[in-house]
Amino acid sequence: YYEEEITCIKFDTWIKDNPKFSNIGLIKCDTQGSDFAVISGMKEFLSQAKDLYIIIEYEPHMLKMGHTYEELDSLFISLGFKQIGKISNDKVWKK
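About the thresholds
- The residue numbering used here restarts from 1 in each chain and proceeds along that chain's sequence as written.
- The predicted nature of this model means local features are confined to residues of pLDDT at least 70 and side-chain atom pairs, given and counted, to a pLDDT of 80 or more, with totals for whole chains, interfaces and linings taken over all residues.
- Excluded from the side-chain calculations are hydrogens and water; all other atoms, namely the structure's heavy atoms, are used.
- In this scheme, a residue with accessible area under 20% of its type's maximum is buried, one over 50% is exposed, and one in between is partly exposed, where area comes from a 1.4 Å probe on protein chains only.
- Only DSSP runs of H or I reaching four residues or more are called helices, and only runs of E reaching two or more are called strands; each is numbered from the N terminus.
- When we speak of the arc, we mean the arc of directions from the helix axis to the C-beta atoms.
- As used here, the term nonpolar core means buried Ala, Val, Leu, Ile, Met, Phe, Trp, Tyr and Cys residues forming a set that is joined through side-chain atoms within 4.5 Å.
- Here the term patch refers to residues with relative accessible area over 30% and no salt bridge, with like charges joined within 9 Å and nonpolar side chains (Val, Leu, Ile, Met, Phe, Trp, Tyr) within 5 Å.
- Here the accessible surface of atoms and residues is derived via Shrake-Rupley with a 1.4 Å probe, and residues count as covered only by protein chains that are part of the display.
- Here, a salt bridge means any side-chain nitrogen of Lys or Arg that lies within 4 Å of a carboxyl oxygen of Asp or Glu.
- A pair of strands is labelled paired if DSSP reports no fewer than 2 bridges between them.
- Convention adopted: a line fitted to C-alpha atoms gives each axis, helices being fitted over their contacting stretch, and angles between N-to-C directions are expressed from 0 to 180 degrees.
- For this analysis, residues touch if any pair of their heavy atoms sits within 4.5 Å.

Another aspect to go through is helix α5 (residues 69–78). Here α5 has its buried residues at L72, D73, L75 and F76. Summarising the axial view, the buried residues of α5 lie within an arc of 160 degrees, below the 170-degree limit, and thus occupy one face. For α5, the exposed residues set more than 90 degrees away from the buried face come down to E70, I77 and S78. Directly beyond the C-terminal end of α5, a positive phi value near 90 degrees is found at G80.

We now examine the nonpolar core. The biggest cluster of nonpolar side chains holds 20 residues, and the ones touching the most others in it are I39, L46, I54, I56, L72 and F76. Listing elements by their share of this core, those giving two or more residues are β1 (26–29), α2 (35–40), α3 (43–48), β2 (53–57) and α5. Of the residues forming this core, the biggest block, three residues, is contributed by α5.

A few words now on a nonpolar patch on the surface. On the surface, I9, W14 and F21 cluster together into a nonpolar patch covering about 300 Å² of accessible area. Tracing the chain through its elements places W14 in helix α1 (residues 11–17). For W14, a relative accessible area of 33% translates into the label partly exposed.

This part takes up the pairing of strand β4 (residues 90–94). For β4, the buried fraction is high: four of the five residues fall into the buried class. Relative to β4, β2 runs antiparallel, the two being bridged by five bridges. Across the sheet, the residue bridging to I56 is K91, located in β4. Two strands pair when backbone bridges link them, and strand β3 (residues 82–87) and β4 are joined in this way by five bridges, in the antiparallel orientation.

Sheet architecture is open: four strands sit in the order β1-β2-β4-β3, paired in mixed fashion. Unpaired on one side and paired on the other, β1 and β3 mark the two borders of the sheet. The mean angle between the axes of side-by-side strands here comes to 20 degrees, regardless of whether they run parallel or antiparallel. Each of β2 and β4 is contacted by α5, which is oriented at about 15 degrees to β4, the strand it contacts most.

The two faces of β1 differ: I27 and C29 on one face are buried, but L26 and K28 on the other face are not. Here four bridges tie β1 to β2, and the two strands are oriented parallel to one another. Bridge pairing in β2 links L26 to Y53.

Right under this line is the structure:
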């Protein structure tokens, strides 16, 4: 691996500036352990979403980033999602 500095914005900020992309039905999240931060940056969008599937990787890098699998599960549940399946290390959530 190598490090590179990049500028990031929250998805909630980006989607407000790009509303034509707001009709989303599926999100696949595989961010090498930053999944909790990514989903946290989507809270506003996800809390209002309807008929949305999220496939998200559960892997040890998340633990190194300071979050547990249980924290991520609790975040999804607080946003109104239910786990509907599992594919290898990925969990499938639906709202």
